Amino acid sequence: MTAAHSAPRPVPQRVPRRVPPALLAGAVVAGTAVSAWGARDRTTWFLETVWVLVGLPLVVLTWRRFPLTGLLAGLLTAHALVLAVGGHYTYAEVPAGDWVRDTFGLDRNPYDRFGHLMQGFVPAVLVRELLSRTSPLRGSRWLAPLTVCACLAFSACFELLEWLAAEIGGHGADAFLATQGDVWDTQWDMFCALIGATVSVLLLSRLHDRQLRALEAAHGAV
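In this text the structure is predicted, and so the values were computed from the model without any measurement. (Residues numbered from 1 in each chain as written. Predicted model: local features only at pLDDT ≥ 70, side-chain atom pairs only at ≥ 80, totals over all residues. Heavy atoms only, no water.)

So, unusual backbone geometry
Phase 1: Its identity as a non-glycine residue notwithstanding, Thr90 has a phi of 75°, on the positive side.
Phase 2: If you trace the backbone, Thr90 turns up in the loop between α4 (70-89) and α5 (95-104). (Helix = DSSP H or I, 4+ residues; strand = E, 2+ residues; numbered from the N terminus.)

Some points on helix α6 (residues 111-134)
Phase 1: The end-to-end C-alpha distance of α6, which contains 24 residues, comes to 34 Å, matching closely the 34 Å that a straight helix rising 1.5 Å per residue would cover.
Phase 2: A bend of about 25° at Pro123 is the largest found in α6.
Phase 3: The buried fraction of α6 is high, at 18 of 24 residues. (Expected span 1.5 Å × (residues − 1). Bend = angle between axes of the 7 residues up to and from the residue. Buried < 20%, exposed > 50% of the residue type's maximum accessible area, 1.4 Å probe, protein only.)

Some points on the nonpolar core
Soluble, globular proteins show a tendency: their nonpolar side chains are buried together.
Phase 1: Ranked by size, the top nonpolar core spans 18 residues in total, and within it Leu75, Val125 and Leu204 carry the most contacts.
Phase 2: When residues of this core are traced back to their parent elements, those giving at least two are α4 and α6.
Phase 3: Per-element tally for this core: the top contributor is α4, with six residues.
Phase 4: Counting six residues, the second largest nonpolar core, distinct from the first, contains Ala124, Val148, Cys151 and Ala197. (Core = buried A, V, L, I, M, F, W, Y, C linked by side-chain atoms within 4.5 Å.)

So, the packing of aromatic side chains
Phase 1: If you walk through the whole model with that rule in mind, you get five aromatic pairs.
Phase 2: For the pair Trp51 and Phe158, a centre-to-centre distance of 6.1 Å together with 45° between the ring planes defines the contact as tilted. Taken together, the positions of Trp51 in helix α3 (residues 42-62) and Phe158 in helix α7 (residues 143-169) put the pair 107 residues apart, joining distant regions of the chain.
Phase 3: Residue Trp51 is classed as partly exposed on the basis of its relative accessible area, which comes to 37%. (Phe/Tyr/Trp six-rings, centres within 6.5 Å; stacked < 30°, edge-to-face > 60°.)

Points about a nonpolar patch on the surface
Phase 1: A cluster of nonpolar side chains, contributed by Leu117, Val183, Trp184, Trp188, Phe191, Ile195, Val199, Leu202 and Leu203, occupies part of the molecular surface with about 950 Å² of accessible area.
Phase 2: Turning to its location among the elements, Leu202 is positioned in helix α9 (residues 185-219). (Patch = residues over 30% accessible without salt bridge, like charges linked within 9 Å, V, L, I, M, F, W, Y side chains within 5 Å. Areas by Shrake-Rupley, 256 points an atom, 1.4 Å probe, with all protein chains shown as cover. Salt bridge = Lys/Arg side-chain N within 4 Å of Asp/Glu carboxyl O.)

A closer look at the environment of Asp185
Phase 1: Within the secondary structure layout, Asp185 lies in helix α9.
Phase 2: On the basis of relative accessible area, Asp185 is assigned to the buried category, the value being 2%.
Phase 3: In this structure the C-alpha to C-alpha distance between Asp185 and Asp112, which are 73 residues apart in sequence, comes to 9.7 Å.
Phase 4: Side chain to side chain, Asp185 and Arg108 meet in a polar contact 3.4 Å long. (Polar contact = N/O pair within 3.5 Å; in protein donor to acceptor, adjacent residues only side chain to side chain.)

Some thoughts on α3
Phase 1: Given a rise of 1.5 Å per residue, 21 residues ought to cover 30 Å, and the 29 Å separating the end C-alpha atoms of α3 matches this to within 8%.
Phase 2: The sharpest bend along α3 reaches about 55° and sits at Thr49.
Phase 3: For α3, the N-terminal capping position is held by Asp41, with its side-chain oxygen 3.2 Å away from the main-chain nitrogen of Thr43.

Let's talk about the pattern of salt bridges
Pairing between side chains of opposite charge can happen when their charged atoms approach one another.
Phase 1: A complete count under the given rule lists ten salt bridges for this structure.
Phase 2: A salt bridge links Arg40 to Glu93, with the shortest nitrogen-to-oxygen separation between them at 2.5 Å. Of this pair, Arg40 sits in the loop between α2 (21-36) and α3 while Glu93 sits in the loop between α4 and α5, and the two are 53 residues apart along the sequence.
Phase 3: Residue classification places Glu93 among the partly exposed positions, given a relative accessible area of 38%.

Structural notes on the packing of α3 against α4
Phase 1: In contact at an axis separation of 8 Å, α3 and α4 are set at 170° when each is read in the N-to-C sense. As far as their axial angle goes, α4 and α3 are roughly antiparallel. In this structure, α3 crosses over α4, and the sense of that crossing is left-handed. Here Trp45, Glu48, Thr49, Trp51 and Val52 of α3 lie close against α4, whose contacting residues are Ala80, Leu83, Ala84, Gly87 and His88.
Phase 2: Of the residues contributing to the contact of α3 with α4, the split by class is six nonpolar, three polar and one charged. (Axes fitted to C-alpha atoms, helices over the stretch in contact; angles between N-to-C directions. Parallel < 35°, antiparallel > 145°, perpendicular 65-115°, else oblique. Left-handed = near helix turned anticlockwise from the far one by under 90°. Contact = heavy atoms within 4.5 Å. Nonpolar A, V, L, I, M, F, W, Y, C, P; charged D, E, K, R; others polar.)

This is the structure in structure tokens:
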């Protein structure tokens, strides 16, 4: 038997089944529209959902040239719905957060903390995908720490935006800030984002790498 006959045939990468992107986009549009209906504070709703209002059209317009992995698309959808709920009720008054507070005897509505965990958890996959596909960092030991650092930097920038909103809006920005009387709220927000990003990298990196390879096999160098 020759070497040519004995060599194993390469197994083609199989693209995993995933929710159709159009369905995910429809869920985001519907969730955002419902959250706008009867929102408790229109300004707060806009400030909380502006990332969705800008991000969704950007993803749609670039999808054919730069499709996302199913993991990232699903996480972005989930994050958009979290923002929509927070924008509708304001983060300090989300009913589910009130239930958790009362059930476990907490001193504040924890939905804001959850939102900042998501602010690290989801962007970590976004940053990791962008760096893996557009830079030499794919497979590098620096990919994970730089991803976490990027998420923490974004969280710090967001806190600066909240500070600016407080300076401009005064007490009118209280609903957007959602500090609930905690003088350490800014530090807690950044810490939650750091924890979210770290957990995301630790839990999802292998799955993300498999989906990146499958996406590359299906679409070429994307």
